[in-house]
Amino acid sequence: MNIMLFHSTYGLRPAVRAAADRLRAAGHEVWTPDLFDGRTFATVEESVAFSEELGKDELLKRAVLAAAPYSERGLVYAGFSLGASIAQTLALGDDKARGLLLLHGTSDIAANAKVDELPVQLHVAQPDPFETDDWLSAWYLQMLRAGADVEVYRYDGAGHLYTDPDLPDYDEEAAEATWRVALGFLETL
C-alpha cells in the first residue's frame, strides 16, 4: 500500500519517522512530507502559533503538492492530529484514495463531500479535549452521509497524542493496540 503520512502540529518528529518505519516494515511504501520545512516544536503553544502563522490554506497547499506526484497510485492518506485533519481533507478530495487512517484527529467535512465507500479508521483518546464526544458523533454521521465506511476506536484514559513516546500524552498500551488494529486495517485495503 502507498501511504502519505502527515505529521502533527509538533512537526516531523522522531515518532512520525518511527511510525513510517513501522509501516514500511509491514510492507508499505510511506512518504512523510515535512509541511513545516524542518521546524519542530516542544510545546503545543509554539506549534499552534506556527501553524496559525502559516495558515490552513498554505498547509493544505503544501500537502497537496507533496501528495500529487503519488496520487495516481491510489494513496492511503494518514496523519497525526493536525496531520489527520489534512489527510482527511485530501482523501475526501481524491477519487483515487484507497483509504484514510486518522490518528488523534478529524476535520470539518464539506457539505458536498462524496466518496464511494472509502475505508476510514479513526483512533482517538477517550476523552480527548480536541475531539469531544459531540464533535465525534456529528463527524461520524457526516462521514457516513458522504459515503465513507467508518470505524472508530477510542482509548480510555490515553492523552491526545498517545502514540508519541516523546510526549507526556504517551500511553504504550493504547499505542500498541492502535498499531495492531491500524496495520490490520491497512492489510484489508
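Described below are features of the structure shown in this document. (Residues numbered from 1 in each chain as written. Predicted model: local features only at pLDDT ≥ 70, side-chain atom pairs only at ≥ 80, totals over all residues. Heavy atoms only, no water.)

Time to look at the overall build of the protein chain. The helix and strand inventory of the protein chain stands at six helices and six strands. Overall, the protein chain shows an N-to-C arrangement of helices and strands of β-α-β-α-α-β-α-β-β-α-β-α. The C-alpha radius of gyration of the protein chain comes to 15 Å, within 12% of the 16 Å expected for a compact globule of 189 residues. Its C-alpha atoms put the protein chain at 40 × 35 × 35 Å along the principal axes. The buried share of the protein chain, taken over its 189 residues, is 51%. (Helix = DSSP H or I, 4+ residues; strand = E, 2+ residues; numbered from the N terminus. Rg over C-alpha atoms; globule rule 2.2 N^0.38 Å. Buried < 20%, exposed > 50% of the residue type's maximum accessible area, 1.4 Å probe, protein only.)

Now for the sheet that holds strand 4 (residues 99–103). Taken together, the six strands give an open sheet; going across it, the order is 2-1-3-4-5-6, and neighbouring strands pair in parallel fashion. In this open sheet, the two strands that pair with only one neighbour each are strand 2 (29–31) and strand 6 (149–156). Sheet twist, expressed as the average angle between the axes of neighbouring strands with direction ignored, equals 15 degrees. Looking at chain direction, strand 3 (residues 75–80) and strand 4 are connected through five bridges and run parallel. Counted as the bridge partner of Gly79 is Leu102 from strand 4. Relative to the sheet, helix 5 (residues 133–146) contacts strand 4, strand 5 (119–126) and strand 6, its axis offset from that of strand 6 by approximately 165 degrees. (Pairing = 2+ DSSP bridges. Axes fitted to C-alpha atoms, helices over the stretch in contact; angles between N-to-C directions. Contact = heavy atoms within 4.5 Å.)

So, on to helix 4 (residues 82–92). Along helix 4, nine of the 11 residues are buried, which leaves the element largely enclosed by surrounding structure. Restricting attention to buried positions, one finds in helix 4 the residues Gly83, Ala84, Ser85, Ile86, Ala87, Gln88, Leu90, Ala91 and Leu92. Against the buried residues of helix 4 lie strand 1 (2–6), helix 3 (56–67), strand 3, strand 4 and helix 5.

Each pair of aromatic rings is reported with the distance of its centres and the angle of its planes. Following the criterion strictly, the structure yields five aromatic pairs and no others. Above the face of the Tyr10 ring, Arg13 is positioned so that its terminal group lies 5.5 Å from the ring centre. (Phe/Tyr/Trp six-rings, centres within 6.5 Å; stacked < 30°, edge-to-face > 60°. Lys NZ or Arg CZ within 6 Å of the ring centre and 35° of its normal.)

Okay, the side chain of Thr106 next. By the secondary structure assignment, Thr106 is in the loop between strand 4 and strand 5. Polar contacts involving the side chain of Thr106 include one to the side chain of Glu131, which spans 2.6 Å. Side-chain polar atoms of Thr106 contact the side chain of Trp135, separated by 2.6 Å. Apart from the residues lying within four places of it in its own chain, the contact partners of Thr106 are Ser85, Gln88, Leu122, Glu131, Trp135, Leu136 and Trp139. (Polar contact = N/O pair within 3.5 Å; in protein donor to acceptor, adjacent residues only side chain to side chain.)

Let us now look at unusual backbone geometry. Between Gln126 and Pro127 the backbone carries a cis peptide bond, its omega angle lying at -5 degrees. Structurally, Pro127 is set in the loop between strand 5 and helix 5. Positive phi values are uncommon outside glycine, yet Glu117 reaches one of about 55 degrees. Counting through the fold element by element, Glu117 comes out in the loop between strand 4 and strand 5. According to the relative accessible area criterion, Glu117 is exposed, its value standing at 61%.

Attention shifts here to the packing of helix 1 (residues 14–25) against helix 6 (residues 172–187). Relative orientation of the contacting elements helix 1 and helix 6 amounts to 45 degrees, with a least axis distance of 11 Å. Classified by the angle their axes make, helix 1 and helix 6 are oblique. Both helix 1 and helix 6 take part in a crossing whose hand is right-handed. Counting all contacts with helix 1, which are made through Ala19, Arg22 and Leu23, the residues of helix 6 involved are Glu176, Trp179, Leu183 and Leu186. Tallied by class, residues from the contact of helix 1 with helix 6 come to five nonpolar, no polar and two charged. (Parallel < 35°, antiparallel > 145°, perpendicular 65-115°, else oblique. Left-handed = near helix turned anticlockwise from the far one by under 90°. Nonpolar A, V, L, I, M, F, W, Y, C, P; charged D, E, K, R; others polar.)

Moving on, we get to the pattern of salt bridges. This structure, assessed with the given rule, holds nine salt bridges. As a salt-bridge pair, Asp21 and Arg24 come within 3.1 Å of each other at their nearest N and O atoms. You can see Asp21 and its partner Arg24 sitting in helix 1, three residues apart, about one turn around the helix. Overall, Asp21 belongs to the partly exposed group, its relative accessible area being 46%. According to the relative accessible area criterion, Arg24 is partly exposed, its value standing at 37%. Members of the salt-bridge network, linked through shared partners, are Asp37, Glu58, Lys61 and Arg62. (Salt bridge = Lys/Arg side-chain N within 4 Å of Asp/Glu carboxyl O.)

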